[in-house]
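Survey of secondary and tertiary structure
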Amino acid sequence: MTFAVFSLPAPSQATDSPKVIAITGGRLLTVSHGAIEDGVLVLSDGKITAVGKAGEVKIPKDAQIVDAKGMTVYPGLIDPETNFGLTEISADQMTNDLIERSDEIMPHMHVYDAFHSETELIPVARLNGVTNAVVAPASEDSISGQDIFIQLYGRDRDQMIMGRDVALAMNYGAEQRRRGGRGGGFGTYPSTRMGLITQLRQTFLDTQDYVAKRDAASKKDDKAFKRDLKFEALIPYLKGERPVVIGVYEGYDVEVIMGLAQEFKLKVILNHVTQSQEVLDKIAAYHVPVIIGSIYDAPRADERFDAVYTLPAELAKRGVKIAISSADGEGPVSSHSVRNLPYAAGFAVAYGLPYDEGLKAITQNVADMFGFGDKLGSLDVGKMANVVIANGDPLDVRTDVKQVYIQGVAVPMVTRQTKLRDEYSPKK
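Presented here is an overview of the structure given in this document. Keep in mind that this is a model prediction, so the values were computed, not measured. Numbering of residues starts from 1 in each chain and follows the order in which that chain's sequence is written. Reporting of local features is limited, given that this is a predicted model, to residues whose pLDDT is at least 70; pairs of side-chain atoms are given and counted only at 80 or more, and all residues count toward the totals for whole chains, interfaces and linings. To get the side-chain values, all heavy atoms of the structure are used, and hydrogens and water are removed first.

1. Brief notes about the overall build of the protein
Here is the rule we go by: Helix numbers and strand numbers start at the N terminus; a helix is a DSSP run of H or I with at least 4 residues, a strand a run of E with at least 2. For the radius of gyration, the atom set is restricted to C-alpha positions; the globular benchmark scales as 2.2 Å times the number of residues to the power 0.38. Relative accessibility decides the category of a residue: with a 1.4 Å probe and only protein chains considered, values under 20% of the type maximum give buried, values over 50% give exposed, and everything between is partly exposed. Residue contacts follow a heavy-atom distance rule, with two residues in contact if any of their heavy atoms lie within 4.5 Å. Residue burial considers only the protein chains on display, and all accessible areas are found by Shrake-Rupley using a 1.4 Å probe.
Looking only at helices and strands, the protein has 12 helices and 17 strands in total. In terms of overall size, the protein behaves like a compact globule, its C-alpha atoms giving a radius of gyration of 23 Å where 428 residues would be expected to give roughly 22 Å. Buried residues in the protein amount to 55% of all 428 residues. Sequence separation of at least 24 residues holds for 67% of the intrachain contacts in the protein that already meet a minimum separation of 6. A total of about 19,300 Å² of accessible surface is found on the protein, and carbon and sulfur atoms cover 51% of it.

2. Overview of unusual backbone geometry
Backbone geometry follows two general trends: most residues other than glycine have a negative phi, and most peptide bonds adopt the trans configuration. Residue Tyr 189 is joined to Pro 190 through a cis peptide bond whose omega torsion reads -5°. The topology assignment puts Pro 190 in the loop between α3 (180-183) and α4 (193-219). For the bond from Gly 293 to Ser 294, the omega torsion is 10°, close enough to zero to count as cis. Looking at the secondary structure, you find Ser 294 in the loop between β13 (290-292) and α8 (311-317).

3. Here we look at the layout of surface pockets
Applied cut-off: Cavity means a closed set of points on a 1 Å grid over the protein atoms alone, one where a 1.4 Å probe fits but cannot get out, pocket means an open set with protein on both sides within 12 Å along at least 5 of 7 lines, and lining means a residue has an atom within 4 Å of a point. Grid points are joined across faces, edges and corners, and a volume is the space filled by probe spheres set on the points. Lys, Arg, Asp and Glu make up the charged group, whereas Ala, Val, Leu, Ile, Met, Phe, Trp, Tyr, Cys and Pro make up the nonpolar group; the residues left over, Gly among them, are polar.
Its volume calculated, the second largest pocket comes out at about 340 Å³. Lining the second largest pocket are 17 residues, and of these Leu 127, Met 413, Thr 415, Thr 418 and Arg 421 sit closest to its centre. Of the residues forming the lining of the second largest pocket, the biggest block, five residues, is contributed by helix α12 (residues 416-424). Split by residue class, the lining of the second largest pocket holds six nonpolar, six polar and five charged.

4. Things to note about the environment of Pro 123
One can find Pro 123 in helix α1 (residues 121-126). The class of Pro 123 is buried, set by a relative accessible area of 16%. Pro 123 sits 293 residues away from Arg 416 along the chain, and the two C-alpha atoms are 8.1 Å apart. Residues within four places of Pro 123 in sequence aside, it is in contact with Val 414 and Thr 415.

5. Side note on the packing of α4 against helix α6 (residues 251-263)
For any two helices packed against each other, the geometry comes down to the angle between their axes and how far apart the axes lie. Definition in use: Geometry is summarised by axes, namely lines fitted to C-alpha atoms with helices restricted to the contacting stretch, and by angles between N-to-C directions that run from 0 to 180 degrees. Angles are sorted into four bins: roughly parallel if under 35 degrees, roughly antiparallel if over 145, roughly perpendicular if 65 to 115, and oblique for all others. The handedness criterion is simple: a crossing whose near helix is rotated anticlockwise from the far helix by less than a right angle is left-handed, and one whose near helix is rotated clockwise is right-handed.
For the pair α4 and α6, the least separation of the axes is 11 Å and the interaxial angle reads 15°. On the basis of the axis angle, α4 is roughly parallel to α6. Where α4 crosses over α6, the two elements pack in a sense that is right-handed. Of the residues in α6, those touching α4 at Arg 193, Ile 197, Leu 200, Arg 201 and Phe 204 are Tyr 252, Asp 253, Val 256, Ile 257, Leu 260 and Glu 263. Residue classes in the contact of α4 with α6 are distributed as seven nonpolar, no polar and four charged.

6. Brief notes about empty space enclosed by the protein
Per the stated rule, a full pass over the model turns up four cavities of 30 Å³ or more. Its boundaries defined by the atoms lining it, the largest cavity holds a volume of some 110 Å³. As for the largest cavity, its lining consists of 18 residues, and the residues nearest its centre are Glu 81, Ala 136, Ala 169, Val 245 and Asn 271. Only β7 (77-82), β9 (143-151), β10 (161-171) and β11 (244-250) provide two or more residues apiece to the lining of the largest cavity.

7. Quick word on the pattern of salt bridges
Put simply, the rule is: One side-chain nitrogen of Lys or Arg within 4 Å of one carboxyl oxygen of Asp or Glu is enough to make a salt bridge.
Tallied over the entire structure, the rule returns 28 salt bridges. Between Asp 158 and Arg 157 there is a salt bridge, with its nearest N and O atoms 3.9 Å apart. For Asp 158, a relative accessible area of 48% puts it in the partly exposed group. Here Arg 164 makes a salt bridge to Asp 158, at a shortest N to O gap of 3.3 Å. Residue class for Arg 164 comes out partly exposed when judged on its relative accessible area of 42%. The network of salt bridges with shared partners includes Glu 250, Glu 278, Arg 300, Asp 302 and Glu 303.

8. As for the packing of α4 against helix α5 (residues 229-238)
Between α4 and α5, the shortest axis-to-axis distance is 9 Å and the interhelical angle comes to 100°. Taken together, α4 and α5 sit at an angle that is classed as roughly perpendicular. On α5, the residues that touch Thr 203, Phe 204, Asp 206, Thr 207, Gln 208, Tyr 210, Val 211 and Arg 214 of α4 are Phe 231, Glu 232, Leu 234, Ile 235 and Leu 238.

9. Digging into the packing of aromatic side chains
Threshold: Each pair of aromatic rings taken from Phe, Tyr and Trp, with Trp reduced to its six-membered ring, is defined by centres within 6.5 Å and is described as stacked if the planes are under 30 degrees apart, edge-to-face if over 60, and tilted in the remaining cases. Put simply, a charge is over a ring when the Lys NZ or the Arg CZ is close to the ring centre, within 6 Å, and near the line of the ring normal, within 35 degrees.
In the structure shown here, the tally under the stated rule is eight aromatic pairs. Ring geometry for Tyr 296 against Phe 347: centres 5.3 Å apart, planes inclined by 70°, an arrangement best described as edge-to-face. Residue Tyr 296 is located in the loop between β13 and α8, and its partner Phe 347 is located in helix α9 (residues 341-350); the two are separated by 51 residues in the primary sequence. Assessed through its relative accessible area of 28%, Phe 347 is described here as partly exposed. Here the aromatic cluster, defined as three or more aromatic residues joined through ring pairs, consists of Tyr 296, Tyr 309, Phe 347 and Tyr 351. Residue placement shows Arg 164 over the ring face of Tyr 112; its charged tip is 4.5 Å from the ring centre.

10. A closer look at the nonpolar core
As a reminder of what qualifies: The nonpolar core is taken to be a set of buried Ala, Val, Leu, Ile, Met, Phe, Trp, Tyr and Cys residues, with the residues joined through side-chain atoms within 4.5 Å.
Formed by 76 residues in total, the largest nonpolar core has its most connected members in Phe 84, Ile 150, Leu 270 and Leu 315. Among all residues touching Leu 270, those that are not within four sequence positions of it are Ile 246, Val 248, Val 254, Met 258, Ile 283, Val 288, Pro 289, Val 290 and Ile 291. Of all hydrophobic cores here, the second largest spans 17 residues; its members include Leu 379, Val 387, Ile 389 and Ala 410.

11. Notes on the side chain of Asn 386
For clarity, the cut-off: Think of a polar contact as two N or O atoms within 3.5 Å of one another; within protein, one of them needs to be a possible hydrogen donor and the other a possible acceptor, and neighboring residues in sequence only count if both atoms come from side chains.
Here Asn 386 is to be found in the loop between α11 (364-369) and β15 (387-390). You can call Asn 386 buried: its relative accessible area is 4%. For Asn 386, the side chain forms a polar contact with the side chain of Asn 132, separated by 2.9 Å. At 2.8 Å, the side chain of Asn 386 and the backbone nitrogen of Gln 407 are in polar contact. Excluding anything up to four places from it in sequence, Asn 386 contacts Tyr 74, Pro 75, Gly 76, Thr 131, Asn 132, Gln 151, Leu 376, Tyr 405, Ile 406 and Gln 407.

Rendered as structure tokens:
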């Protein structure tokens with residue numbers, strides 16, 4: 001059966017989507033190998049099985065045909081830093097599991113233990129083409145826990161979590177200092193940047209010492225050896241097996257924390273680097289990927305008005321692999337803003353980032369950074385069928401997303417807001 005994209009299955013039918021779907025006639029933004037006009041994309045059993053120009057791709061006889069003529073088809077967008085499922089209403093503490101404040105070093109906190117998959121914020125982001133995201137704890141701690149990588153659709157939390165402990169959330173700067181102003185009273189250690197970096201260095205040294213003692217106890221079959229979850233959580237990161245995402249804003253803080261990272265041979269992804277314009281060449285020399293967000297942050301008094309806006313372009317020009325997050329301007333990450341992810345990339349393109357790089361910054365580059373590059377991020381055969389159909393450029397605010405597929409399933413294009421709109425709109 002052939003039908004127009006605006007006639008896709010109703011939400012109640014979403015889980016009954018056919019196993020084979022052929023999206024025809026649309027403009028395919030493959031990310032990996034350019035744009036294909038009048039393209040054909042075949043989805044089967046949750047994966048992309050064919051992609052190419054009309055007439056060059058054989059459409060299976062049992063395929064459901066989706067007519068995407070006049071539409072743009074592209075891979076699902078990926079946000080590299082969200083708080084999905086850890087917060088619902090910021091003013092209601094009962095709905096917040098963002099950070100464990102009892103200590104500054106909490107690597108053994110696992111986001112998957114708190115992830116609430118029923119959050120109303122996920123359908124809102126999904127409605128604008130976001131199909132995957134990294135979920136991280138808030139940034140008040142120096143080491144605040146371990147991130148998860150999620151799919152924005154599934155029958156339950158276990159199906160939605162694609163990867164547990166995919167990265168260590170680490171932060172360095174003014175926000176992490178324990179000063180009296182946060183909770184009242186006197187400041188406690190570490191209340192300075194000196195204290196922060198010293199505490200981090202001691203933690204990694206203690207972890208190395210723990211590993212040596214653990215290995216020695218294992219050889220002696222010492223049953224009395226006491227496990228320490230804090231140190232054990234850090235071992236894969238000290239071995240360079242998983243990335244450490246370091247949130248840092250100022251240029252001089254970048255230099256200090258990267259010195260520590262190199263000392264312990266950490267596999268680093270820099271995050272934010274908002275006021276680091278004076279050390280961009282040095283950042284490029286580190287040969288590490290960078291997440292940028294918020295692109296809407298205000299410049300310092302001594303900077304040009306567009307210093308932050310042009311940051312993605314300046315880093316890309318220097319050969320740095322970049323990703324862009326939906327983080328709010330002048331504030332922390334907010335899952336309420338994930339729906340605006342494509343516009344953050346569009347803003348970067350408006351200020352000099354090449355268009356193809358802008359699209360990669362919210363698709364393939366994010367997937368690569370967190371170890372899912374072989375599964376997500378582009379329209380390539382063998383990858384997950386996370387696909388978006390929209391009526392225009394994905395980075396343009398005037399574009400409406402018509403349908404989202406996650407693992408080949410046409411997901412419901414419904415949110416709490418659309419339900420309220422339909423319920424209270426005047427009946428014709």
